[in-house]
Amino acid sequence: MLKQLLVVMFAVAVIVTMVVMGFTLNQVRDEREDLTVDLEYRSAILAEGLQSVIAPMMATPTSTPPEALQSSVEKLSSEERLAGLIIFDNKENLLAKSQSLPGNLMELVKLAATAMDKNQAASSFLPVDDKDMYVLALPVRQEEGRIVGALVLLQTSDYINDELAAIWRDNI
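Residues numbered from 1 in each chain as written. Predicted model: local features only at pLDDT ≥ 70, side-chain atom pairs only at ≥ 80, totals over all residues. Heavy atoms only, no water.

S.K.: Could you clarify how one ought to interpret the pairing of strand 2 (residues 94-97) in this entry?
M.R.: With three bridges connecting them, strand 1 (residues 82-89) and strand 2 associate as antiparallel partners. Note that in strand 2 the partner of Ile86 across the bridge is Lys97. (Pairing = 2+ DSSP bridges. Helix = DSSP H or I, 4+ residues; strand = E, 2+ residues; numbered from the N terminus.)

Here it is, written out as structure tokens:
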């Protein structure tokens, strides 16, 4: 009788654990999607605002010294979750970048090239300097629509994994 009671208790514990795991998986999936959509939305709005500041500076590159563009990038990239900004010309040459960013930018150059080639935003989650980043590249256009370069915005996305880990920790 005691043996049967232990088997039933073990079976109930396994079933409860499976139900909790199922609900937690669902909650984590939903939370990841919500946080990702929110990050993408905030990044797009921020990048469009920054684009309106940067585009006039790039429209006449001879009248805007590189130091002024670099100074603007440093001022604009001082936001809390904004890890950095990079500006490329339409030939994928680096014009300015946040000093906090690493030197190896190959993946970011590819994303900027994609944005300019397709004439639309391109984005990806990429590891940059051992940190998870959301990277959004927008083509920068002159008033007549000609693409003069790309603005690449990097935002930290480590907090998404931290939130998901907290859900697992709290539920189990």
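S.K.: Could you clarify how one ought to interpret the pairing of strand 4 (residues 131-141) in this entry?
M.R.: A regular strand places its side chains on the two faces of the sheet in alternate fashion. Judged by how many residues are buried, strand 4 sits mostly within the fold: eight of 11 residues are covered. The sheet contact formed by strand 3 (residues 122-128) and strand 4 spans seven bridges and is antiparallel. Note on strand 4: the bridge partner recorded for Phe125 is Tyr134. Sheet topology places strand 4 next to strand 5 (residues 147-156); nine bridges connect them, and they run antiparallel. Bridging from a neighbouring strand, Val140 pairs with Gly149 of strand 5. (Buried < 20%, exposed > 50% of the residue type's maximum accessible area, 1.4 Å probe, protein only.)

S.K.: Got a minute to help me understand helix 3 (residues 106-118) in this structure?
M.R.: Every α-helix winds through 3.6 residues per turn, so residues three or four apart in the chain are directed the same way. Taking 1.5 Å per residue, 13 residues should reach 18 Å; helix 3 reaches 18 Å between its end C-alpha atoms and fits that length. Among the residues of helix 3, Leu108, Val109, Leu111, Ala112, Ala113, Ala115 and Met116 are the ones counted as buried. Considering only its buried residues, helix 3 is in contact with strand 1, strand 3, strand 4 and strand 5. A positive backbone phi angle near 55 degrees is found at Asn119, which sits one or two residues after helix 3. (Expected span 1.5 Å × (residues − 1). Contact = heavy atoms within 4.5 Å.)

S.K.: What should I look at first to understand the nonpolar core in this one?
M.R.: Generally speaking, nonpolar side chains in soluble globular proteins are found buried as a group. If you look at the biggest cluster of nonpolar residues, it comprises 26 residues, and the most contacted ones within it are Ile54, Leu85, Ile87 and Leu151. Those elements that place two or more of their residues in this core are helix 1 (2-59), helix 2 (66-76), strand 1, strand 4, strand 5 and helix 4 (158-171). (Core = buried A, V, L, I, M, F, W, Y, C linked by side-chain atoms within 4.5 Å.)

S.K.: Any chance you could explain the sheet that holds strand 5 here in plain terms?
M.R.: Across a sheet, paired strands are connected by hydrogen bonds in the backbone, their directions being either parallel or antiparallel. Within the open sheet, the five strands sit side by side as 2-1-5-4-3. Their pairing is antiparallel. Because the sheet does not close on itself, it has two edges, and the strands there are strand 2 and strand 3. Across the sheet, the mean angle from the axis of one strand to that of its neighbour is 20 degrees, orientation sign disregarded. Where helix 3 meets the sheet, it contacts strand 1, strand 3, strand 4 and strand 5, and its direction lies at approximately 35 degrees from that of strand 4. (Axes fitted to C-alpha atoms, helices over the stretch in contact; angles between N-to-C directions.)

S.K.: How do you make sense of the pattern of salt bridges when you look at a structure like this?
M.R.: Oppositely charged side chains are able to pair whenever their charged atoms sit close together. Scanning the entire structure with this criterion turns up three salt bridges. Across the pair Arg42 and Asp38 runs a salt bridge, and its minimum N-O distance is 3.1 Å. Remark: Asp38 and Arg42 occur in helix 1; sequence separation between them is four residues, near one turn of the helix. For Arg42, a relative accessible area of 27% translates into the label partly exposed. (Salt bridge = Lys/Arg side-chain N within 4 Å of Asp/Glu carboxyl O.)

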